[in-house]
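Observations on the three-dimensional arrangement
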Amino acid sequence: MEVKSVAKDTGLSARKVRLLLNEVRGKKVEDALTVLQFAASPSAKVIAKVVKAAASDAENNFMLNAADLKVVKIYADDAPMLKRFMPRSRGRADRIMKRSSHITVVVAEQED
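Residues numbered from 1 in each chain as written. Predicted model: local features only at pLDDT ≥ 70, side-chain atom pairs only at ≥ 80, totals over all residues. Heavy atoms only, no water.

1. Description of the overall build of the protein
- In terms of regular secondary structure, the protein is built from three helices and five strands.
- Helices (α) and strands (β) of the protein occur, in sequence order from the N terminus, as β-α-α-α-β-β-β-β.
- Viewed in the frame of its principal axes, the protein has a C-alpha envelope of about 65 × 25 × 15 Å.
- The buried share among the 112 residues of the protein stands at 33%.
- Contacts in the protein between residues far apart in sequence, at least 24 positions, make up 73% of those at least 6 positions apart.
- Only carbon and sulfur atoms are counted for the fraction: they give 48% of the accessible area of the protein, which is about 7,500 Å². (Helix = DSSP H or I, 4+ residues; strand = E, 2+ residues; numbered from the N terminus. Buried < 20%, exposed > 50% of the residue type's maximum accessible area, 1.4 Å probe, protein only. Contact = heavy atoms within 4.5 Å. Areas by Shrake-Rupley, 256 points an atom, 1.4 Å probe, with all protein chains shown as cover.)

2. Description of the layout of surface pockets
- Within this model, the largest pocket holds a volume of roughly 160 Å³.
- Around the largest pocket, the lining residues are Leu33, Thr34, Leu36, Gln37, Ser41, Pro42, Ala44, Lys45, Ala48, Lys49 and Lys52.
- Elements that contribute at least two residues to the lining of the largest pocket include exactly α2 (29-37) and α3 (44-61).
- The leading source of residues in the lining of the largest pocket is α3, at five residues. (1 Å grid on protein atoms, 1.4 Å probe; cavity = no way out; pocket = protein on both sides within 12 Å on 5 of 7 lines; lining within 4 Å. Points joined across faces, edges and corners; volume = space filled by probe spheres on them.)

3. Details of the pattern of salt bridges
- In this structure the tally under the stated criterion is one salt bridge.
- Of the charged contacts, one joins Arg88 and Asp94 as a salt bridge, the two residues approaching to 2.9 Å between their closest N and O atoms.
- On the basis of relative accessible area, Arg88 is assigned to the partly exposed category, the value being 46%. (Salt bridge = Lys/Arg side-chain N within 4 Å of Asp/Glu carboxyl O.)

4. A closer look at the nonpolar core
- Counting residues in each nonpolar core, the largest one holds 27 residues, and the members touching the most others are Leu36, Ile47, Val71, Ile74, Val105 and Val107.
- Contributing elements (two or more residues each) for this core: β1 (2-7), α1 (14-24), α2, α3, β2 (69-78) and β5 (101-109).
- If you tally residues by element for this core, the top one is α3, at eight residues. (Core = buried A, V, L, I, M, F, W, Y, C linked by side-chain atoms within 4.5 Å.)

5. So, the environment of Ala79
- Mapped onto the fold, Ala79 is located in the loop between β2 and β3 (82-87).
- We classify Ala79 as buried; its relative accessible area is 9%.
- Apart from the residues lying within four places of it in its own chain, the contact partners of Ala79 are Asp9, Ser100, Ser101 and His102.

6. Side note on the sheet that holds β5
- Taking strand neighbours across the sheet as the criterion, the three strands line up as β1-β5-β2 in an open arrangement whose pairing is antiparallel. At either end of the open sheet lies a strand with only one pairing partner, and these are β1 and β2. Geometrically, the sheet is characterised by an average inter-axis angle of 15° between neighbouring strands, direction not taken into account.
- Bridge analysis of β2 against β5 gives nine bridges, and the strand direction is antiparallel. (Pairing = 2+ DSSP bridges. Axes fitted to C-alpha atoms, helices over the stretch in contact; angles between N-to-C directions.)

Structure follows, in structure tokens:
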């Protein structure tokens, strides 16, 4: 059985989040949380929160064993962008795109 958890509109760029997601994908939940705990990226805290939410949902709602859970799928999709303008010289303006993302984590019991 697969259990899914999603964090919407995180305020983190999907491109930067994917760097950490690639290191966590396929690991056991305990190992993934350890990797995220010692990661230097500020996005690690948000990713860890989603992984913990998926694991606790699996444990409490579906009675799965927390020690056997594995991160099956984890991905970041683009969320709506905030579009801003920065004034420049001679009356011009540059567009600033404040990107955001949705982080999705799917955990399942590890099969032996």
